[in-house]
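Here's the letter readout for the chains.
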Amino acid sequence: MPGLNLQGASAIVTGAGSGINLAFARALFEKGCNVLIADIGLRPEAREFVDSAAQKGGPKVVFEPTDVTDWSQLEKTFDIAKKQFGTVPDLVCPGAGIYEPPASGFWGDIDSASHYKLFDINLVHPIKMTRIAIRHMLRAKKAGTILHIASVAAETVSVITPLYQASKHGIGSFVMGMGAIEKICGIRVLGVAPGAIATPLLLEDPGVAGWVDPTKDKMLDPSVIASALVALAENVNDKYPPGTLLEVMDETEDQWRIIPVFNNPGPARTNLVSNKDSALVTIQKILKEEAE
Ligand SMILES: NC(=O)c1ccc[n+]([C@@H]2O[C@H](COP(=O)([O-])OP(=O)(O)OC[C@H]3O[C@@H](n4cnc5c(N)ncnc54)[C@H](O)[C@@H]3O)[C@@H](O)[C@H]2O)c1
C-alpha cells in the first residue's frame, strides 16, 4: 500500500506545542502539509513557528488550545481542521504525553479522580483519537494515516516509572494490533518507539532532569523522530507495513528497527538515562512515610 503524499495534505498533531510533536509539525509544514496543533499551550519556539508559518503564506499552521483528556475537545479538533483546511485530515498524530516523576506518578499517588491522569494523556487519548479519526476518514472516503508515539519504554520495565511504562506498552500493543485495519478500510496505523530525546519532558521537569547525565547519555534531537514519523507516513518503497512500531535510538534510517510482535530481543541499550536510579531514594522516602 503506497504511503501518504504530504504535499497538500492536512494533519492534526496533539502535543505539538513542544518537543517531538513540534519537530514533526515543522517537518510536515516543510513537506507542504497543513497542520493543526492541539495542545494545552505553546512554548515560545512553537509560538514563533506558528507566527512565522502564517507570514510565509505556504501551508496553514493553526493552534487550537486543547486538553487531550477531554474527549469533546478531541472531537472539536476535527471540526476545526475541516473548517481551516476544508477537508478531513489525511494524517493524525496523537503524540501528546507526559513522563512520570515519582512524586506525581504511581508512587506519589496524588491522582484523586478514580483514574490516572497519565493514562488519560498517554494511553486513552491516543486510542480515542484513533477511533474518532477512523470515523472521519471513512466518511470522507480517505485512506488516512494515524501515527503514534510510543517509546523504548514499550520494550522495557521500570519500578520508578511504572505508569509510563504501562502506557507505552499499551500504545505499542495498540499500534501492532491496529495494523490489521488497513486490509479492512485502507487506513494505516503505525508508530515510533523513541529512545531518549532532548525535549522539555526529560530536560526541564525538576523531578526528572537530574536523571540525565549529559556526559554519558545519548540524547537524539527531536528532528530525528520527526524524520522517522515522516518516513512512516510516506512509506517509500513499502518499507513500513501497517502496524509497524519503529524503534528509533540512532540518527539514521538504516539504524532504525521494526520491533517484532513476538520474540523481541529488545533495544540495544536499555539504560538510557544514567541517573534514573537516584529516584529510588524518593520512592523509599514516600514508602517509609506511609509505613509510619
Ligand atoms: N523525550 C523523550 O525522551 C521521549 C522518548 C520516548 C517517547 N517520548 C514521547 O514523545 C511524546 C512527546 O514528548 P516530548 O518529549 O516531546 O515532550 P514535551 O514535554 O516536549 O511535549 C509534550 C507536549 O504534550 C503536551 N501535553 C501534555 N499534557 C497535555 C494535555 N492534557 N493536553 C494537551 N497537550 C498536552 C505538553 O503541553 C507538551 O507540549 C510523548 O508521548 C512522550 O511520551 C518522549
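Data block above holds the structure.
Attention in this report is confined to the structure presented alongside it. All values derive from a computational prediction rather than experimental measurement.

**Some thoughts on the overall build of the chain**
And step 1. Secondary structure summary: the chain contains nine helices and eight strands in total.
And step 2. In terms of C-alpha radius of gyration, the chain reaches 19 Å, essentially the compact-globule figure of 19 Å for 292 residues.
And step 3. C-alpha extents for the chain along the principal axes are approximately 60 × 40 × 35 Å.
And step 4. By the burial criterion, 46% of the 292 residues in the chain qualify as buried.
And step 5. In the chain, once contacts between residues fewer than 6 apart in sequence are set aside, the share between residues at least 24 apart is 74%.

**A few points about the site of the ligand**
And step 1. Surrounding the ligand, one finds 28 residues, the nearest of these being G15, S18, G19, G97 and L201.
And step 2. Elements supplying a minimum of two residues to the shell around the ligand: α1 (19–30) and α7 (200–203).
And step 3. The residue makeup of the shell around the ligand, split by class, is 13 nonpolar, 13 polar and two charged.

**What to know about the packing of helix α3 (residues 71–85) against helix α4 (residues 117–139)**
And step 1. With their axes 10 Å apart at the nearest point, α3 and α4 run at an angle of 40 degrees to one another. With respect to their mutual orientation, α3 and α4 come out oblique. At the point where α3 passes α4, the crossing takes the right-handed sense. Of α4, the residues touching α3 (which contributes W71, L74, E75 and F78) are H125, K128, M129, I132 and H136.
And step 2. Looking at the contact of α3 with α4 residue by residue, the class counts come to five nonpolar, two polar and two charged.

Basis of the calculations
Counting restarts for each chain: residues are numbered from 1 in the order of the written sequence. In keeping with the predicted nature of the model, local features appear solely for residues at pLDDT of at least 70, side-chain atom pairs appear and are counted solely at 80 or more, and the whole-chain, interface and lining totals rest on all residues. Every helix listed is a DSSP run of H or I at least four residues long, and every strand listed is a run of E at least two residues long, numbered separately from the N terminus. Radius of gyration: C-alpha atoms only; globule rule: 2.2 Å multiplied by the number of residues to the exponent 0.38. Exposure is read from a count of other C-beta atoms within 10 Å of each residue's own; the residue is exposed at 12 or fewer, buried at 20 or more and partly exposed in between. C-beta atoms are placed from the backbone. For every residue pair, C-beta atoms are placed from the backbone, and the pair is scored as a contact if these atoms sit within 7 Å. Here, nearness is defined through the C-beta atom: a residue counts as near a molecule or strand if that backbone-placed atom lies within 6 Å of it. The nonpolar class holds Ala, Val, Leu, Ile, Met, Phe, Trp, Tyr, Cys and Pro. Asp, Glu, Lys and Arg form the charged class, and all remaining residues, Gly among them, are polar. Lines are fitted to the C-alpha atoms to define the axes, a helix being fitted only along its stretch in contact, and any angle between axes, read from their N-to-C directions, falls within 0 to 180 degrees. An angle counts as roughly parallel when it lies under 35 degrees, as roughly antiparallel when it exceeds 145, as roughly perpendicular when it falls between 65 and 115, and as oblique in every other case. Here a crossing is called left-handed whenever its near helix is offset anticlockwise from the far helix by less than a right angle, and right-handed whenever the offset is clockwise.

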